[in-house]
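What the coordinates show
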Amino acid sequence: MKLRKADNPWYMQANSTFEAPRLSMKYPYVYSMTMTNKDMQRFYIGIPDIFVAIDFSCNNFKGKISDSIGSLKGHRLLNLGDNNLSGHIPSSLGNLTQLELLDLSKNKLS
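Residues numbered from 1 in each chain as written. Predicted model: local features only at pLDDT ≥ 70, side-chain atom pairs only at ≥ 80, totals over all residues. Heavy atoms only, no water.

A few points about the side chain of Asp103
For Asp103, the position within the fold is in strand β10 (residues 101-103). Under the relative-accessibility criterion, Asp103 is labelled buried at 9%. A distance of 2.6 Å separates a polar atom in the side chain of Asp103 from a polar atom in the side chain of Ser105. Once residues lying within four places of it in the same chain are set aside, the contact partners of Asp103 are Lys38, Leu78, Asn79, Leu80 and Gly81. (Helix = DSSP H or I, 4+ residues; strand = E, 2+ residues; numbered from the N terminus. Buried < 20%, exposed > 50% of the residue type's maximum accessible area, 1.4 Å probe, protein only. Polar contact = N/O pair within 3.5 Å; in protein donor to acceptor, adjacent residues only side chain to side chain. Contact = heavy atoms within 4.5 Å.)

Next up, the structure:
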């Protein structure tokens, strides 16, 4: 697997080769995926190399969400739902400009 550049972003890709007498074919295969979270599906035709998803749901984590969470640049999904987190929701989450899905449900946040 390697990365392929399409316009600006980089995407994961593998090269497949088929060989037979007097015939050789080589073609790229660009990975795709469907991500499901909380019954919501998102299909990605190409998987960007910066695609990052963190799912810490249902772990019974306790305490506050650290302000340093805002330094997770490039993250697309952050699921902290169904834990026992308390305190305020850090304003540093606003720094996650690439975030597409954030789940803080079923916690004790204010």
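A word on the side chain of Asn83
Among the structural elements, Asn83 can be located in the loop between β8 (77-79) and β9 (84-87). There is a polar contact of 2.9 Å between the side chain of Asn83 and the backbone nitrogen of Asn60. Once residues within four sequence positions are removed from consideration, Asn83 is found in contact with Phe56, Ser57, Cys58, Asn59, Asn60, Phe61, Lys106 and Asn107.

A short note on a nonpolar patch on the surface
Nonpolar side chains collect at one region of the surface, where Phe18, Leu23 and Met25 lie side by side and expose about 270 Å² of accessible area between them. One can find Phe18 in strand β2 (residues 10-20). Its relative accessible area of 43% is what places Phe18 among the partly exposed residues. (Patch = residues over 30% accessible without salt bridge, like charges linked within 9 Å, V, L, I, M, F, W, Y side chains within 5 Å. Areas by Shrake-Rupley, 256 points an atom, 1.4 Å probe, with all protein chains shown as cover. Salt bridge = Lys/Arg side-chain N within 4 Å of Asp/Glu carboxyl O.)

A short note on unusual backbone geometry
At Cys58, a position not held by glycine, the phi torsion is positive, near 60°. Among the secondary structure elements, Cys58 is positioned in the loop between β6 (53-55) and β7 (62-63). Even without being a glycine, Asn60 presents a positive backbone phi close to 60°. Take Asn60: it is sitting in the loop between β6 and β7. For Asn60, a relative accessible area of 48% translates into the label partly exposed.

Thoughts on the pairing of β9
Both faces of the sheet carry side chains from a regular strand, because those side chains alternate between them. The side-chain alternation of β9 yields one buried face, formed by Leu85 and Gly87, and one unburied face, formed by Asn84 and Ser86. Sheet analysis places β7 next to β9, joined by two bridges and oriented parallel. Each bridged residue has a counterpart across the sheet, and for Lys62 the counterpart in β9 is Asn84. When β9 meets strand β11 (residues 108-109), the two strands line up parallel, connected through two bridges. (Pairing = 2+ DSSP bridges.)

Side note on the sheet that holds β9
Through backbone hydrogen bonds, the strands of a sheet pair up, either in parallel or in antiparallel fashion. In space, the three strands of this open sheet follow the order β7-β9-β11, with parallel pairing throughout. Two strands close off the open sheet at either side, each with one partner strand: β7 and β11.

What to know about the packing of aromatic side chains
Taken as a whole and assessed by the stated rule, the structure comprises one aromatic pair. With centroids separated by 5.8 Å and ring planes inclined at 80°, the aromatic side chains of Phe56 and Phe61 adopt a geometry described as edge-to-face. For Phe56, a relative accessible area of 39% puts it in the partly exposed group. (Phe/Tyr/Trp six-rings, centres within 6.5 Å; stacked < 30°, edge-to-face > 60°.)

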